[in-house]
Amino acid sequence: MTTQREDERARARRWWRRPGPVAGVLAAAVLLGLAPITWLHASTSGDRFAAGQTPHRPVALVLGAGVRPDGSPTRLLERRLDLAAQLYHQARVEAVLVSGDNSRETYNETDAMAAYLVGAGVPEEKIAGDYAGFSTWESCVRAREVFGVEAVTVVTQSFHLPRAVALCKRAGLDAIGVGDPGQGTDRVTATIYGHFREVPAAFKAVADALLRPDPTFLGPYEPGVDDALAVER
């Protein structure tokens, strides 16, 4: 004869092993939470390349990633710019569009990016600057609508690349991408944080892709990319 306590334990074990409404809700929440980032990865799987395997595109679009107090690019941004310089020197792109935040007089990602590329051997006349690239979506839209770019290689970190390529494609660009994996760098913490950050950021990316909001500044056509492409190598 079993005791009352043994019966209670047996019922508890059966409840734990039996999938119930709580488990179903948790499973659905996990699936819903991962759906946006899963879509970003799946929809761009054929458009992301290693640096040495990137097909030719006329323009590399380098997305901003912050500058230090002295105005120099952060380490993550330096690695993006190193990739862009590599693409240029390998003739995989003909010009570079650097898109960053210059919303404050004391903060200028765009000029810092251009100066770094010049130091890496990219001719100044082969670089165009977008000073109102306040987000990934805005950089993509402005590349298409303001600078007239049609085909582009997006350059960023690997964790950011699916979102960047997907949004550029949604903005009307024939976009592929190359990403810095960040492995073995002095920015391991930032790289790990970047991977985790992409999960909530994917929700905004889906909203941008569906709603297609106007960028903060659109403005008239700017010939910077056309001028850069017109210069002989």
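The structure reproduced in this document is the subject of the present report. Worth saying up front: this structure is predicted, and the values here are computed from it rather than measured. (Residues numbered from 1 in each chain as written. Predicted model: local features only at pLDDT ≥ 70, side-chain atom pairs only at ≥ 80, totals over all residues. Heavy atoms only, no water.)

**Some remarks on the overall build of the chain**
Next, step 1: Assigned secondary structure in the chain consists of eight helices and six strands.
Next, step 2: The burial tally for the chain puts 43% of its 233 residues in the buried class.
Next, step 3: In the chain, of all internal contacts separated by at least 6 residues, the share reaching a separation of at least 24 is 76%.
Next, step 4: Summed over its atoms, the accessible surface of the chain is roughly 12,500 Å², and 57% of this surface lies on carbon and sulfur atoms. (Helix = DSSP H or I, 4+ residues; strand = E, 2+ residues; numbered from the N terminus. Buried < 20%, exposed > 50% of the residue type's maximum accessible area, 1.4 Å probe, protein only. Contact = heavy atoms within 4.5 Å. Areas by Shrake-Rupley, 256 points an atom, 1.4 Å probe, with all protein chains shown as cover.)

**Overview of the sheet that holds strand β6 (residues 174-180)**
Next, step 1: Spatial ordering of the open sheet is given by β1-β6-β5-β2-β3-β4, a layout of six strands whose pairing is parallel. Pairing within the sheet leaves two strands with one partner each, and these edge strands are β1 (48-49) and β4 (127-130).
Next, step 2: Lying on the sheet, helix α5 (residues 136-145) is in contact with β2 (59-63), β3 (95-99) and β4; it crosses β2 at an angle near 155°.
Next, step 3: Of the strands in this sheet, β1, β2, β5 (151-157) and β6 touch helix α6 (residues 161-170), which is tilted by about 165° from β6. (Pairing = 2+ DSSP bridges. Axes fitted to C-alpha atoms, helices over the stretch in contact; angles between N-to-C directions.)

**Here we look at the pattern of salt bridges**
Pairing between side chains of opposite charge can happen when the charged atoms of each approach one another.
Next, step 1: Summed over the entire model, instances satisfying the criterion amount to ten salt bridges.
Next, step 2: Between E78 and R75 there is a salt bridge; the shortest N-O distance is 3.2 Å. On the criterion of helical spacing, the pair formed by E78 and R75 is a turn pair, its members being three residues apart in helix α3 (residues 75-89).
Next, step 3: The class for E78 is buried, based on a relative accessible area of 14%.
Next, step 4: Here D130 and R142 are joined by a salt bridge, their closest N and O atoms 2.8 Å apart. Of the two residues, D130 sits in strand β4 while R142 sits in helix α5, which places them twelve residues apart along the sequence.
Next, step 5: Residue classification places D130 among the buried positions, given a relative accessible area of 1%. (Salt bridge = Lys/Arg side-chain N within 4 Å of Asp/Glu carboxyl O.)

**Here we look at α6**
Next, step 1: Of all ten residues in α6, eight are buried, a share of seventy percent or more.
Next, step 2: Restricting attention to buried positions, one finds in α6 the residues L161, P162, R163, A164, V165, A166, L167 and C168.
Next, step 3: Looking one or two residues beyond α6, the residue adopting positive phi is G172, at roughly 100°.

**Observations concerning the side chain of T153**
Next, step 1: If you trace the backbone, T153 turns up in strand β5.
Next, step 2: For T153, a relative accessible area of 0% puts it in the buried group.

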